[in-house]
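Chain and residue survey
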Amino acid sequence: MKKSMILGTLLLLVLTALAGCQKVPTPNERLSDYTKLWNKQDFTKMYNQYLSTESKKEYKTKDFASRYKKVYEDLNVTKLHITFDSVKKDAFKNKDKVKIPVNITFETVAGKVSYKKTAELVKEKRDKKTNWYLNWDPSYILPNLTQDDKIQLSEQNPERGEIFDRNGKGLAINAKAYQVGVIPGEISKKTKEKVAKLLGISVKEINQKLGQSWVTENVFVPIKEVPQTEKELLNKLTAMKGVSLQTTEVREYPYGEAAAHLTGYIGNITADELKKLKNKGYTANSVIGKRGLEQLYDEQLRGEVGAKISIQKPDGSTSVVAEKTVKNGKDIHTTIDAALQKKIFNQMKGNAGTASAINPKTGDVLALVSAPSFDPNEFVLGMSNSAYKKLADNKKQPLLNRFALTYAPGSTIKPITGAIALNTGTTTTTATKTIKGTAWSKNSDWGNYKITRVHVNNSPENMEKALILSDNIFFAQTALDIGANKFAKGLQSFGVGENIPFDYPLKDSQISSNGKFSNDIQLADSGYGQGQMQLNILHLAVAYTPFINDGNMIKPHLLKNEKTETWKKSVISSQTANTVAKMLRQVVADPEGTGHAANISNAKLAGKTGTAELKTSKKDKNGKENGLFVAYDANKKNVLISMLIEDVKNHGGSGLVVQKVTNVFR
């Protein structure tokens, strides 16, 4: 028993001795660990584990961690980098205090801040362990900052760049509006109800604004912005007691719903957006493009915020820490023709669909239309919850940007199928097919599946006649003649299945879900624009440019003064291009042509109609149909329009689209 007690005592003495011999970290090591946490902005650990007893007495956690955090967030501190010059052992050997030079740099909303600080570390014994701790003061946050100083941040917002069409007409401009507001102590309940009705908002929304913490009886409380052009509305509002106006600057979209999906609109940055864009100079006060061109070119349009960070002393004197001059945003000049954009949209009013217009010789995109639409000015001026709900619940989906999507091209793909067949030597212009009746099936392997056509032509039919009549069976058979690999390769040469080289993000067109034809039925269906084939409306327009440019496919562009470029060279031969172009003219010129309604006197139109069936299954006989028409003036060759209208079954089919496109050219 005595022996074991002696051994236990000896072991305890050894452990105690070892503990006493534990190595004390050097000031360099302690400061290194502290700066690692600093670089990570882990202020709580910095305070709890590294601050000296004296510093903790003078500065509570809220003075340290909370203040650090708030200042860094308010000033948008990024790229924080702290370094120091290590001191030699002789500088702290047998000493209880050491000073080490520290270099601090970081970026802020007002620019770069860079300064030197002398860190003072003291040796302290805590919990029977000796270590080095930092004597901290607020000048670690900003140079020369003390506990009683105030940090001031002043910002100057840049003037947002404007967006113009090719002729200098404003698509998104800076304008003046009136801020309608009320004086809480002067407005009655009845007046409040009248104001709500006139502004298209609820009384609840007005009460929410009046319930803000800063509101007092006699202050002006902004309710909603109203354009200066709404004179009648403004007169009604200001005639009521307790209602007044203040002038304010707003973003205005002169073409409203006609160009809404193209221009987009601006709004206050959200917390999620700020989190993603914080390192690009955005702040909690930033206004940001929410969709369309406003979002696409936001970095150029917004400019750079001017900012100044100052420290104000108790005596009123100030010193500037960092300052950045405001830089106004850049104007964007597009290829869009606002008048044409509006004409096309007006033709599509009342329908759901999309359209694009390009100059097929230069690649200038002249119009991108999505219908139905919304008024982007309402988003900027302050849309009520009920108004937004009405848009969101609309079955025709006015908030959906259709020109960014893809659709089955229907018979508008037939000229491309024909061009691939001619270009690969699969057929010739004189070769004919004799097809009987309105339905056809390749063989018994197809079961009950048949391909149908509208126009019966039991006599020998060449490609031109098949295009004039828009014969599904002819082009289904032609796709089979070409073969799966050659047809897929031919479509790929037209850019189907790859990214469209265009600034505005558009969904990629596809040959099928996997880029291949899984069987003969899918191959045959794809020959006349069904199957799983999908094309974007702009891509469809661009795909017709080889017929105008001797076989070369133009690259579309959106910014004015960009040079004309070819996206795909020699997609088809010049001979094939000219041959198909003549056929496209006959689709309109021939009295039997599906596009004959476009045969007007003031333009020599050429083009192709299309109807795409949207069936949920092969047995579905009542599926909806989309109508399409692609057309250009064969004489001028300066405008090519592709248009799609949804749900045209029992509404005139593709003939409805032909009428609308023709009206634009007329």
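Residues numbered from 1 in each chain as written. Predicted model: local features only at pLDDT ≥ 70, side-chain atom pairs only at ≥ 80, totals over all residues. Heavy atoms only, no water.

Examining the sheet that holds strand E12 (residues 306-312)
Strand order in the open sheet formed by 3 strands is E5-E12-E13, with antiparallel pairing between adjacent strands. The two strands at the open ends of the sheet, each matched to only one other strand, are strand E5 (150-156) and strand E13 (318-324). On average, each strand axis in the sheet is tilted by 20° relative to the strand beside it, whichever way the strands run. The sheet contact formed by E5 and E12 spans 7 bridges and is antiparallel. Residue pairing in the sheet places Ser154 in a bridge with Lys308 of E12. (Pairing = 2+ DSSP bridges. Helix = DSSP H or I, 4+ residues; strand = E, 2+ residues; numbered from the N terminus. Axes fitted to C-alpha atoms, helices over the stretch in contact; angles between N-to-C directions.)

Describing the pattern of salt bridges
The tally for this structure, following the rule as stated, stands at 22 salt bridges. Linking Lys70 and Asp74 is a salt bridge whose minimum nitrogen-to-oxygen distance equals 2.6 Å. A residue pair is termed a helical-turn pair when its members lie 3 or 4 positions apart in one helix, as Lys70 and Asp74 do in helix H5 (residues 61-74) at 4 residues. A network of salt bridges, in which partner residues are shared, links Arg160, Arg251, Glu294 and Asp298. (Salt bridge = Lys/Arg side-chain N within 4 Å of Asp/Glu carboxyl O.)

What about the environment of Gln152?
Mapped onto the elements of the fold, Gln152 is located in strand E5. The sequence separation of Gln152 and Thr318 amounts to 166 residues, and the corresponding C-alpha distance is 9.3 Å. Dropping the residues within four chain positions of it, Gln152 is found in contact with Lys308, Ile309, Ser310, Gln312 and Thr318. (Contact = heavy atoms within 4.5 Å.)

A look at unusual backbone geometry
Note the cis peptide between Ala371 and Pro372, where omega equals 0°. Within the element layout of this structure, Pro372 appears in the loop between strand E16 (365-371) and helix H15 (376-381). If you check the backbone angles, Ser470 has positive phi at about 55° while not being a glycine. Inspection of the secondary structure assignment puts Ser470 in the loop between helix H18 (463-469) and helix H19 (472-482).

A short note on helix H14 (residues 338-348)
Note on helix geometry: an α-helix contains 3.6 residues per turn, so any two residues three or four positions apart are oriented the same way. Listed in full, the buried residues belonging to H14 are Ala338, Leu340, Gln341, Ile344, Phe345 and Met348. Take H14 and look down its axis: the buried residues cluster within an arc of 160°, on one side only. The inward-facing, buried residues of H14 abut strand E7 (170-182), helix H10 (260-263), strand E15 (353-358), E16, strand E25 (640-645) and helix H24 (654-665). Two or three places before Ala339, at the opening of H14, Asp337 has a side-chain oxygen 3.1 Å from that residue's backbone nitrogen. (Buried < 20%, exposed > 50% of the residue type's maximum accessible area, 1.4 Å probe, protein only. Arc of directions from axis to C-beta. Polar contact = N/O pair within 3.5 Å; in protein donor to acceptor, adjacent residues only side chain to side chain.)

Some words on the pairing of E7
Sheet topology places strand E6 (residues 163-164) next to E7; 2 bridges connect them, and they run antiparallel. In the sheet register, Ile163 faces E7, and the bridge partner there is Ala172. Pairing between E7 and strand E8 (residues 221-227): 6 bridges, direction antiparallel. Among the inter-strand pairings, Gln179 is bridged to a residue of E8, identified as Glu225.

Some remarks on the sheet that holds strand E4 (residues 129-135)
Sheet architecture is open: 4 strands sit in the order E1-E2-E3-E4, paired in antiparallel fashion. In this open sheet, the two strands that pair with only one neighbour each are strand E1 (78-84) and E4. Neighbouring strand axes in the sheet, compared pairwise and without regard to direction, differ in orientation by 25° on average. Where strand E3 (residues 111-126) lies against E4, 7 bridges are found, and the strand directions are antiparallel. Pairing of Arg126 across the sheet is with Lys129, part of E4. On the sheet, helix H2 (residues 27-39) packs against E1, strand E2 (97-108), E3 and E4 and is oriented at approximately 175° with respect to E1.

Regarding the nonpolar core
If you look at the biggest cluster of nonpolar residues, it comprises 91 residues, and the most contacted ones within it are Ile451, Leu491, Phe494, Phe502 and Phe547. In terms of residue count, H19 provides more of this core than any other element does, 7 residues in total. Core analysis: the next-biggest nonpolar cluster, separate from the first, contains 45 residues, Leu51, Phe84, Ile104 and Ile311 among them. (Core = buried A, V, L, I, M, F, W, Y, C linked by side-chain atoms within 4.5 Å.)

Some details on the packing of helix H3 (residues 43-50) against H5
Taken N-terminus to C-terminus, the directions of H3 and H5 make an angle of 155°; their axes are 9 Å apart at the nearest point. Of the possible angle classes, the one that applies to H3 and H5 is roughly antiparallel. Considering how the two elements wind past one another, H3 and H5 form a crossing that is right-handed. Together, Phe43, Thr44, Met46 and Tyr47 of H3 and Thr61, Phe64, Ala65, Tyr68, Lys69 and Tyr72 of H5 make up the contact between the two elements. Looking at side-chain class alone, the contact of H3 with H5 contains 7 nonpolar, 2 polar and 1 charged residues. (Parallel < 35°, antiparallel > 145°, perpendicular 65-115°, else oblique. Left-handed = near helix turned anticlockwise from the far one by under 90°. Nonpolar A, V, L, I, M, F, W, Y, C, P; charged D, E, K, R; others polar.)

Thoughts on the environment of Ser244
Position of Ser244 among the secondary structure elements: in strand E9 (residues 243-252). In this structure Ser244 comes out as partly exposed when scored by relative accessible area, which is 25%. In sequence terms Ser244 and Val221 are 23 residues apart; their C-alpha atoms lie 9.5 Å from each other. Excluding its chain neighbours within four sequence positions, the residues that come into contact with Ser244 are Gln179, Val180, Gly181, Ile183 and Phe220.

Regarding the packing of aromatic side chains
Following the criterion strictly, the structure yields 26 aromatic pairs and no others. An angle of 85° between the planes, with centres 5.1 Å apart, marks the rings of Phe64 and Tyr68 as edge-to-face. Remark: Tyr68 and Phe64 occur in helix H5; sequence separation between them is 4 residues, near one turn of the helix. Consider the rings of Tyr68 and Tyr72, whose centres lie 5.5 Å apart with planes at 80°: the pair is edge-to-face. With Tyr68 and Tyr72 both in helix H5 and 4 residues apart, this pair spans about one turn of that helix. Per residue, the accessibility class of Tyr68 equals that of Tyr72, and both read buried. Just above the ring of Tyr47 sits the side chain of Lys56; from NZ or CZ to the centre is 5.5 Å. Note that Arg126 overlies the ring of Tyr133, its terminal NZ or CZ placed 3.7 Å from the centroid. (Phe/Tyr/Trp six-rings, centres within 6.5 Å; stacked < 30°, edge-to-face > 60°. Lys NZ or Arg CZ within 6 Å of the ring centre and 35° of its normal.)

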